[in-house]
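# Working through the structure, step by step
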Amino acid sequence: MDIDATHRLSGAQIRPSKHCDLPQLNAGTDTGMQGHFVAQLIVVHCISLPIGEFGTGAPSRLFTGTLDCREHASFAELTGVRVAPHLFIDRQGYIEQFVLFDRPAWHAGQSAWMQRQGCNRFSLGIELEGTWTKPYADAQYATLTDVCMALCQHYPSLSPSAIVGHQEVAPGRKEDPGPHFDWTRLLLPMHRQLLGNTI
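In what follows, the accompanying structure is described.

Cut-offs and rules
Residues numbered from 1 in each chain as written. Predicted model: local features only at pLDDT ≥ 70, side-chain atom pairs only at ≥ 80, totals over all residues. Heavy atoms only, no water. Phe/Tyr/Trp six-rings, centres within 6.5 Å; stacked < 30°, edge-to-face > 60°. Helix = DSSP H or I, 4+ residues; strand = E, 2+ residues; numbered from the N terminus. Buried < 20%, exposed > 50% of the residue type's maximum accessible area, 1.4 Å probe, protein only. Lys NZ or Arg CZ within 6 Å of the ring centre and 35° of its normal. Expected span 1.5 Å × (residues − 1). Contact = heavy atoms within 4.5 Å. Axes fitted to C-alpha atoms, helices over the stretch in contact; angles between N-to-C directions. Parallel < 35°, antiparallel > 145°, perpendicular 65-115°, else oblique. Left-handed = near helix turned anticlockwise from the far one by under 90°. Nonpolar A, V, L, I, M, F, W, Y, C, P; charged D, E, K, R; others polar. Salt bridge = Lys/Arg side-chain N within 4 Å of Asp/Glu carboxyl O. Disulfide = S-S within 2.5 Å. Arc of directions from axis to C-beta. Polar contact = N/O pair within 3.5 Å; in protein donor to acceptor, adjacent residues only side chain to side chain.

## Side note on the packing of aromatic side chains
Enumeration according to the criterion identifies six aromatic pairs in this entry. With a centroid separation of 6.3 Å and an interplanar angle of 80°, the aromatic rings of phenylalanine 101 and tyrosine 155 are classed as edge-to-face. Of the two residues, phenylalanine 101 sits in the loop between β4 (95–97) and β5 (112–113) while tyrosine 155 sits in the loop between α2 (138–154) and β8 (163–165), which places them 54 residues apart along the sequence. Take phenylalanine 101 and tyrosine 155: they sit in the same class, and that class is buried. Ring centres of tyrosine 136 and phenylalanine 181 lie 5.7 Å apart, and the angle between their planes is 80°; this geometry places the pair in the edge-to-face category. One end of the pair, tyrosine 136, is in the loop between β7 (123–129) and α2; the other, phenylalanine 181, is in the loop between α3 (166–169) and α4 (183–195), with 45 residues separating them in the sequence. Grouping residues by exposure puts tyrosine 136 and phenylalanine 181 together as buried. Ring pairing ties together the aromatic residues Tyr136, Tyr141, Phe181 and Trp183, which thus form one cluster. A cation over an aromatic ring shows up here: arginine 116 above the ring of phenylalanine 122, its NZ or CZ 3.9 Å from the ring centre.

Below is the structure:
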């Protein structure tokens, strides 16, 4: 799994979203480096629409601004919402990329990390198809680990120690990815491969 000079992830289906900030003029997509936006944090989220239902395609429509909020009664509260992660990983491990990695996506909302406000300004967002009340799929862990490895290898500003859940940057407001997410399953292989940790 690789990231190219235009900040696209290999193997991901590109579905461009306008729910992001434009990159700075001097970012230079030909260099493969980020411009004024430098990702220093990866935020893991979860989503299912309707809640607890998978494979509906509704999250992708939400992220691209094409969701008809009349589709389901629970979607009414999403009217006017403009949100998108950089990546979405479904239950089979399939990846969609909505925002290139050289620009902020609107994924974290009101948030803070290490006394820095507004995590969108310095983070990448990854949504897992799921809910905080159910375990995640094996394929999602495998894909997420590969994705985070690729991101950390491509962008020196990222590391396994800078991967957090949405609930950590928005405590009291968000609960995802929730208690069923196995952080050891993600982080241990990363530490072993990236940092030479043999635990």
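## A look at α2
Helix length check: α2, at 17 residues, gives a terminal C-alpha distance of 25 Å against a target of 24 Å (1.5 Å per residue), a fit within 8%. Along α2, the positions that sit buried rather than exposed are Gln140, Tyr141, Thr143, Leu144, Thr145, Val147, Cys148, Met149, Ala150, Leu151 and Cys152. Buried positions along α2 lie against β2 (41–47), β3 (87–89), β4, β7, β8 and α4.

## Concerning the packing of α2 against α4
In contact at an axis separation of 10 Å, α2 and α4 are set at 40° when each is read in the N-to-C sense. By the angle class used here, α2 and α4 are oblique. Handedness of the α2/α4 crossing: right-handed. Where α2 approaches α4, its residues Asp138, Tyr141, Leu144, Thr145, Cys148, Met149, Cys152 and Gln153 are matched on the opposing element by Arg185, Leu186, Pro189, Met190, Gln193 and Leu194. Grouping the constituent residues of the contact of α2 with α4 by class yields nine nonpolar, three polar and two charged.

## Section: the pattern of salt bridges
Following the criterion strictly, the structure yields five salt bridges and no others. Of the charged contacts in the structure, one is a salt bridge between aspartate 68 and arginine 70, with a shortest N-O distance of 3.0 Å. As a salt-bridge pair, aspartate 102 and arginine 103 come within 2.9 Å of each other at their nearest N and O atoms. Across the pair, arginine 103 and aspartate 102 agree in class, each one buried.

## A word on the environment of alanine 139
Along the polypeptide, alanine 139 turns up in helix α2. Distance from alanine 139 to tyrosine 94, taken between C-alpha atoms, is 8.5 Å for residues 45 residues apart in sequence. Contacts of alanine 139, omitting those with residues within four sequence positions, involve Arg91, Gln92 and Gly93.

## Focus: the state of the cysteines
Taken as a whole and assessed by the stated rule, the structure comprises zero disulfides. There is no disulfide at cysteine 20, and the cysteine sulfur nearest it, in cysteine 119, is 18 Å away. Cysteine 119 takes part in no disulfide bond, and the closest cysteine sulfur, belonging to cysteine 148, lies 16 Å away. You can call cysteine 119 buried: its relative accessible area is 0%.

## Section: α4
Taking 1.5 Å per residue as the helical rise, α4 with its 13 residues ought to reach 18 Å, and the 17 Å between its terminal C-alpha atoms agrees with that figure. Among all positions in α4, only Trp183, Leu186, Leu187 and Met190 are buried. Each buried residue of α4 sits inside an arc of 80° when the element is viewed along its axis, so together they form one side. Among the exposed residues of α4, those pointing more than 90 degrees away from its buried face are Thr184 and Gln193. Elements in contact with the buried residues of α4: β2, α2, β8 and α3. Where α4 begins, the side chain of aspartate 182 points an oxygen toward the backbone nitrogen of threonine 184, at a separation of 3.2 Å. Positive backbone phi, approximately 70°, marks glycine 196, located one or two places after α4.

Function-wise, these values are silent; they only describe arrangement.
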